[in-house]
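Results of the structural survey
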Amino acid sequence: MEFFRIKNDIPFMRHALVFNVISLLTFVLAVLFLATRGLNLSVEFTGGTLVEVHYSEAPQLEPIRRALSDDGYPDAQVQNFGSARDVLIRLPNRDGLESSRVSEKVMTTLSAVDGGSPELRRVEFVGPQVGKELAADGAMALLLVVVGIMVYLALRFEWRFSVAAIIANLHDVIIILGFFAFFQWEFSLAVLAAVLAVLGYSVNESVVVFDRVRETFKKKRGMDTPQVLNHAITRTISRTVITHGSTQMMVLSMLLFGGETLYYFSLALTIGILFGIYSSVLVASPLVMWLGVSREQFMKPKQEKQEAVV
Amino acid sequence: MNRYPLWKNLMIGIVLVVGLLYTLPNFYGEVPAVQVSSGKATLKLDASSTTARIEQALAAAGIPQTGIFADQNSVRARFDTTDLQLQAKDVIERTFNPDPADPDYVVALNLLSASPNWLTSVNALPMYLGLDLRGGVHFLLQVDMPGAITKRLDSTAADLRTLLRDQGVRHSGIERDGRSIAVRFRDAGLRDSARRAIERFTGDLQLADRDGPDAMPELVATLTQQAEKTIQEFALKQNITTLHNRINELGVAEPVIQQQGADRIVVQLPGVQDVAKAKDILGRTATLEVRMVDETPGALEAAMNGQVPFGSELYTERGGRELLVKKQVVLTGDRLTDAQPGFDGQTQEPAVHLTLDAAGSRIFRDVTRENVGKRMAILLIEKGKGEVITAPVIRTEIGGGRVQISGQMTTQEATDVALLLRAGSLAAPMEIIEERTVGPSLGAENIEKGFDSTLWGFAAIAAFMIAYYLLFGLVSVIALASNLLLLVALLSMLQATLTLPGIAAIALTLGMAIDANVLINERIREELRNGSSPQAAITAGYERAFDTILDSNITTLIAGIALLVFGSGPVRGFAVVHCLGIMTSMFSAILVSRMLVNLIYGRKRKLEKLSIGQVWKPSN
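Read on for an overview of the structure. (Residues numbered from 1 in each chain as written. Chains lettered and ligands numbered in written order. Predicted model: local features only at pLDDT ≥ 70, side-chain atom pairs only at ≥ 80, totals over all residues.)

What follows covers the overall build of chain A. Of regular secondary structure, chain A possesses 11 helices and 6 strands. Here the C-alpha atoms of chain A give a radius of gyration of 25 Å, more than 25% beyond the 19 Å that 2.2 N^0.38 yields for 310 residues. Seen along its three principal axes, the alpha-carbon backbone of chain A occupies a region of about 80 × 45 × 25 Å. Classification of the 310 residues of chain A by burial places 48% in the buried group. (Helix = DSSP H or I, 4+ residues; strand = E, 2+ residues; numbered from the N terminus. Rg over C-alpha atoms; globule rule 2.2 N^0.38 Å. Buried ≥ 20, exposed ≤ 12 C-beta atoms within 10 Å, placed from the backbone.)

All names here are of chain A. Between helix α1 (residues 16-36) and helix α9 (residues 259-290), the least distance of the axes is 9 Å, while the angle of their chain directions is 120°. By the angle between their axes, α1 is oblique relative to α9. The handedness of the crossing between α1 and α9 comes out as left-handed. Of the residues in α9, those in contact with Ala16, Phe19, Asn20 and Ser23 of α1 are Ser279, Leu282, Val283, Pro286 and Met289. (Axes fitted to C-alpha atoms, helices over the stretch in contact; angles between N-to-C directions. Parallel < 35°, antiparallel > 145°, perpendicular 65-115°, else oblique. Left-handed = near helix turned anticlockwise from the far one by under 90°. Contact = placed C-beta atoms within 7 Å.)

On to the pairing of strand β11 (residues 256-260) of chain B, then. Two faces belong to every sheet, and in a regular strand the side chains alternate between them. Residues and elements named next belong to chain B. Here β11 pairs with strand β12 (residues 264-270) via 5 bridges, running antiparallel. Directly across from glutamine 260, in β12, lies its bridge partner arginine 264. Linking β11 to β12, which pair antiparallel, is a turn of 3 residues; within it glycine 261 sits at a positive phi near 65°. (Pairing = 2+ DSSP bridges.)

This brings us to the interface of chain A and chain B. In this assembly, 60 residues from chain A lie in contact with 63 residues from chain B. For the side of chain A that touches chain B, a count of residues per class yields 33 nonpolar, 15 polar and 12 charged. With 5 bridges joining them, strand β5 (residues 119-126) of chain A and strand β21 (residues 430-438) of chain B adopt antiparallel strand pairing. By the bridge assignment, phenylalanine 125 of chain A is partnered in β21 of chain B with glutamate 435 of chain B. (Nonpolar A, V, L, I, M, F, W, Y, C, P; charged D, E, K, R; others polar.)

Residues and elements named next belong to chain B. It is at 10 Å that the axes of helix α6 (residues 145-167) and helix α7 (residues 188-201) come closest, and there the two elements cross at 115°. The two elements α6 and α7 meet at a crossing, and its hand is right-handed. Across the interface between the two elements, Leu160, Leu163, Leu164 and Gln167 of α6 pack against Ala194, Ala197, Ile198 and Phe201 of α7. Looking at the contact of α6 with α7, its residues break down into 7 nonpolar, 1 polar and no charged.

A separate point is the sheet that holds strand β4 (residues 105-113) of chain B. All names here are of chain B. Strands sit in the order β2-β3-β1-β4 across an open sheet of 4 strands; the sheet is antiparallel. Each end of this open sheet is capped by a strand with a single partner; those strands are β2 (68-70) and β4. Across the sheet, the axes of successive neighbouring strands diverge by a mean angle of 25°, strand direction being ignored. Bridge count for strand β1 (residues 30-38) against β4 is 9 bridges, and the pairing is antiparallel. Considered in β4, the bridge of valine 36 is made with valine 107. Along the sheet, helix α2 (residues 47-61) contacts β1, β2 and β3 (74-78); its crossing angle with β3, the most-contacted strand, is approximately 30°.

Glancing now at the environment of isoleucine 398 of chain B. Residue and element names in this part refer to chain B. The topology assignment puts isoleucine 398 in the loop between β19 (385-390) and β20 (402-406). Residue classification places isoleucine 398 among the partly exposed residues on the basis of 19 C-beta atoms within 10 Å. Note: C-alpha distance between isoleucine 398 and glycine 450 (52 residues apart in sequence) is 65 Å. Non-local contacts of isoleucine 398, meaning those with residues more than four positions away in its chain, are made with Phe364, Arg365, Thr368 and Val403.

Another aspect to go through is the pairing of β21 of chain B. All names here are of chain B. Within β21, 7 of the 9 residues are buried, which leaves the element mostly enclosed by the surrounding structure. Two strands pair when backbone bridges link them, and strand β6 (residues 136-143) and β21 are joined in this way by 8 bridges, in the antiparallel orientation. When the bridges of β21 are listed, histidine 138 appears paired with arginine 436.

Attention shifts here to the nonpolar core. Ranked by size, the top nonpolar core spans 196 residues in total, and within it Ala193, Ala194, Val195 and Leu196 of chain A together with Ala504 and Leu563 of chain B carry the most contacts. Tallying contributions element by element places helix α7 (residues 189-219) of chain A first for this core, with 19 residues. Beyond its immediate stretch of four places on either side in the chain, valine 195 of chain A contacts Val173, Ile176, Ala268 and Gly272 of chain A. Grouped together as the second largest cluster of nonpolar side chains are 29 residues, Val293, Leu323, Val330 and Ala377 of chain B included. (Core = buried A, V, L, I, M, F, W, Y, C linked by C-beta atoms within 7 Å.)

Pasting the structure below:
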């Protein structure tokens, strides 16, 4: 079996502008959704209490809402979680509430409601001070990843590559966030982990292509820069699709079998992988070209390294 | 030509065998067990005698056990069924805690790995499951550090009052104002002499001159950074000790109580479902009391016969002797500012040094002056129940607020008593700022879901790889399987906590790790397409792909490390596994797969064709 039977190099660079415009549009849309709708942050970031209960028979949500409201929680969100028998209750932190005791009170209230006794599955309570820290830590982690990868690529390749790779992949991150904002999917710590993992993962996609670009520059003297890029992308496209396909199979398996907890995690990965292929190949490569990469930079690597530091 | 030297094959083989050995315990599942650990900070568990006692007790009751294991802090006995486990718990409870009102040991139900004893003896244990997989409660507690510091400043203000009075320096008022103490004087001369007196007295204060609202000279004292730091470290350590003592009551098999950051404590109680009780226990405080011993002749004997004299109480001293203590409290723990283990200046015996605040010092001086030659008792009152920690004889009047407790103590005991005294008397207030409870059914479900995801994902990748790359695909799948094996072995060895995000990381890492083999296989095909001989194609394929694999793994590792550094909770669980997985995947994807390919093809001199699937060549 062989999927890709490509005789000549595909002229990707001829359409470079088109790819980048598409990319730019998605990016702008993502930013727009982020700005207008914002992320639906989980309890971990906002602080609050989350109680998950399981009933042996599907309960009516309305009596539960009413009971909670009567017992002093008018701002409780009650919804089904995964199945009709699982119920998720969210309560924001607010002043005058002894927040560390909320979960027990909620359970008492729920037990008093007619229609089956609830079984406590999970409680998450996050105080207001913790949420802010988590958000700050998340931002720091993102920054560290970006800086770390840029420095590594600049040392290993050339600054043009590191800039192109980071732009292409940060735009993936924004697009994932855009999806979460548009659909108002819950953005939790696990999703944040997925986003950062995607960043590392799709940069590695660019690295594979860049590796080929460097090798082609050194080996094939007759080609100009767009040809070199076309050649590199064409030669690696089979690997790109198979690798991402394999990773996606794993992620799909998590999406199907992993249950609610892993659902958004694998969803973020799915979007990240799909856009990762696109951006790290079809966006990063043109960027490298426009940033003015050329054969000479690889022929005299020592001088280039000095420039890279500047 | 494509052969690994013997040592390399051996090395890879050994790594895989060791990996298999440490993965094995995970397949055996768990059996019911009963765990015995010390219920008091002053009581050290002696492994061999405890083991013997459990063995005897079970033998006497006719309950068969399948092995008794001891580690530093606990002894555990395994049983075949939960019925036996429950019976055994009762028997052991009765043997170790003859007085249920005052338990010396914690006897708890637990689960132990069912792996054979020889595996346990080489320290091969199953992975340590996080709370989201086994069920339980997780708390993050914030210690009120500003509270601890104001408390200290309040007592310092009282100290200064006493000090200035003793030194004959007249002041016009001492007040604590936020995080500083302001002392007012009539004139600057008094202020200077006060400053000299304070500086001689303590190094913990930073002094500054200031003119007060009505132009009165003031001395502003703030705690030095060093002193603040000491107070904070002290408050944290002592709160952790208190928590340990509290949680012992809950009978939790493997509680985790750890410092997190400068002012936080993580408490994890696996298997605990009664969150309300857990919270009550975490919130309670203990106190210290100093009282005089009732030494009226004949009173002790009368008390032991059931006639306790009015105004006294009967206690059992550590070491088992009965002691009659007066009910009147001389001093409470509020007056204690510090307790440190150390040595007696003259006899070099282990001792505990106590520091009292000013008011406490005065009381103590008066009491000791009036009671030279008598005994005083130091009691720890917890849950309305007292325990005599020590009952020394007063030799001389003790002034200055520095008290030493010594006599028949080991260094360890001195440390324990110091910790206990601090724990009982000085808890800074704490607040729960994070709580996570996972029910046992959800935990089991999470394991199942995580396992299913990995299994089906792996099966799909394996099927595809073998169909697409034939024999080389099979080699890749074996390499991927060995990656999984090594990762699980590494997690078991390190006893890193495995959480649901951790399982997701295992799955994701496997999905990403196949990349290296795809790179290699594609490269080999490309070399073949360009007309290389099969053997040369294998060599070139592996060598050329290596740089790329390295680069791509390092960038992924950078992301993983960032998550590890800044992640907390679920993110950290993900990051640990992710980082380890990247490293094991480098090993298995390159070395293991190459070894297999070398073993299959390496010795064939006339190799015509590789089983790597169809290699399409453009027909010109």
